[in-house]
Amino acid sequence: MSLFNSLYTPVSNDIVRRARDIKLLICDVDGVFSDGRIYLGNNAEELKAFHTRDGYGIKALRQAGVEVAVITGRNSAIVQQRMTSLTVPYIYQGQENKTAAFEELQQQLQLLPPQIAYIGDDLADWVVMQHCGLAVAVNDAHPYLVKHAHFVTSIPGGFGAVRELCDLLLISQDKFGLFDGSST
């Protein structure tokens with residue numbers, strides 16, 4: 001883990017152990033892949049900014065054999081487009097009850113809670129995070145999540161926090177650097 005510690009904030013042996021077992025990463029979207037702000041135009045168009053580093057991390061994780069899903073409370077064509085471009089196979093939008101989507105994913109992929117990581121930024125995410133083997137809060141998450149998460153990224157949501165978590169998982173599983181670098 002010296003590689004991760006030299007790139008980001010130091011992590012404990014417990015976090016490395018938890019990260020080593022992860023087979024599914026579930027991500028919230030607003031405040032995690034984006035900075036949480038929603039831009040609305042005069043013609044009701046919605047805009048969000050996504051960081052290419054996060055895209056690289058997701059593609060690298062998938063290439064390394066770790067599944068990826070998003071569970072978000074909002075519905076957005078932009079999210080569908082971005083996640084589809086990253087080849088994320090499990091996209092749950094409009095989920096007021098994120099637990100139902102989590103349980104469906106867990107059953108469909110036949111995974112135990114210690115094999116699942118979740119990254120979020122607000123209280124709606126805690127209902128799922130508390131059931132995961134690795135609960136991650138972005139750096140600028142709600143203080144409750146920061147206090148209760150297993151790991152807090154050193155980078156805020158929308159600016160590469162997802163990539164930081166992907167790197168942690170890849171390094172912990174000795175799969176870092178295997179991605180070929182195709183479009184993100």
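Here the structure is shown first, and the text comes after it.
Residues numbered from 1 in each chain as written. Predicted model: local features only at pLDDT ≥ 70, side-chain atom pairs only at ≥ 80, totals over all residues. Heavy atoms only, no water.

As for the sheet that holds strand S1 (residues 24-27)
Strand order in this open sheet of six strands is S5-S4-S1-S6-S7-S8, and the pairing throughout is parallel. Each end of this open sheet is capped by a strand with a single partner; those strands are strand S5 (90-92) and strand S8 (151-152). Sheet analysis places strand S6 (residues 116-120) next to strand S7 (residues 134-137), joined by four bridges and oriented parallel. Of the residues in S7, the one forming a bridge with Ile119 is Val136. Contacts from helix H3 (residues 52-63) reach S1 and strand S4 (67-71), with the element oriented near 135° to S4. (Pairing = 2+ DSSP bridges. Helix = DSSP H or I, 4+ residues; strand = E, 2+ residues; numbered from the N terminus. Contact = heavy atoms within 4.5 Å. Axes fitted to C-alpha atoms, helices over the stretch in contact; angles between N-to-C directions.)

Concerning the packing of aromatic side chains
Given two aromatic rings, their pairing is described by the distance between the two centres and the angle made by the two planes. A complete count under the given rule lists one aromatic pair for this structure. The interplanar angle of 80° and the centroid separation of 5.9 Å between the aromatic rings of Trp126 and Tyr144 together place this pair among those described as edge-to-face. With Trp126 in helix H6 (residues 123-129) and Tyr144 in helix H7 (residues 143-148), this pair connects stretches of sequence that are 18 residues apart. (Phe/Tyr/Trp six-rings, centres within 6.5 Å; stacked < 30°, edge-to-face > 60°.)

Observations concerning the nonpolar core
Membership of the largest hydrophobic core comes to 59 residues, with the highest contact counts inside it found for Leu25, Ile26, Ile58 and Leu134. At eight residues, helix H8 (residues 161-172) tops the list of elements feeding residues into this core. Leave out the neighbours within four places in its chain, and Ile26 touches Ala69, Ile71, Phe102, Leu105, Ile116, Ala117, Tyr118 and Ile119. (Core = buried A, V, L, I, M, F, W, Y, C linked by side-chain atoms within 4.5 Å. Buried < 20%, exposed > 50% of the residue type's maximum accessible area, 1.4 Å probe, protein only.)

Concerning the side chain of Gln115
With respect to the element layout, Gln115 can be found in the loop between helix H5 (98-109) and S6. We classify Gln115 as buried; its relative accessible area is 19%. At a separation of 2.8 Å, a polar atom in the side chain of Gln115 contacts the main-chain amide nitrogen of Leu112. If we ignore the near neighbours within four places in the chain, the residues touching Gln115 are Asp21, Ile22, Lys23, Leu24 and Gln110. (Polar contact = N/O pair within 3.5 Å; in protein donor to acceptor, adjacent residues only side chain to side chain.)

Side note on helix H4 (residues 77-85)
Within the sequence span of H4, burial applies to Val79, Arg82 and Met83. Seen along its axis, H4 keeps its buried residues to an arc of 95°; they face one direction. Exposed residues pointing more than 90 degrees away from the buried face of H4 are listed as Ala77 and Gln81. Tucked into the core, H4 has its buried residues touching H3, S4 and S5. Between a side-chain oxygen at the N-terminus of H4 and the backbone nitrogen of Ile78 the separation is 3.2 Å; the capping residue is Ser76. Looking one or two places after H4, you find Thr87, whose phi comes out positive at around 60°. (Arc of directions from axis to C-beta.)

Here's the deal with the side chain of Gln93
Within the secondary structure layout, Gln93 lies in the loop between S5 and H5. A distance of 2.6 Å separates a polar atom in the side chain of Gln93 from the backbone nitrogen of Ser76. If near-sequence neighbours (up to four positions away) are discounted, Gln93 is found in contact with Thr72, Arg74, Asn75, Ser76, Val79 and Gln80.

Looking at the pairing of S6
Counted residue by residue, S6 has five buried out of five residues, so it is predominantly covered. Residues Ile116, Tyr118 and Gly120 point to one face of S6 and Ala117 and Ile119 to the other, with burial holding for every one of them. Handedness of the S6-H6-S7 crossover: right-handed. (Right-handed = clockwise from strand over helix to strand, strands pointing away.)

Considering the pattern of salt bridges
Side-chain pairs of opposite charge can arise where the charged atoms are in close proximity. Scanning all chains against the criterion turns up 11 salt bridges. The partner of Asp28 in a salt bridge is Lys98, with the nearest N and O atoms 3.1 Å apart. One end of the pair, Asp28, is in the loop between S1 and strand S2 (39-40); the other, Lys98, is in helix H5, with 70 residues separating them in the sequence. Of the two residues, Asp28 and Lys98, neither departs from the other in class, the shared state being buried. (Salt bridge = Lys/Arg side-chain N within 4 Å of Asp/Glu carboxyl O.)

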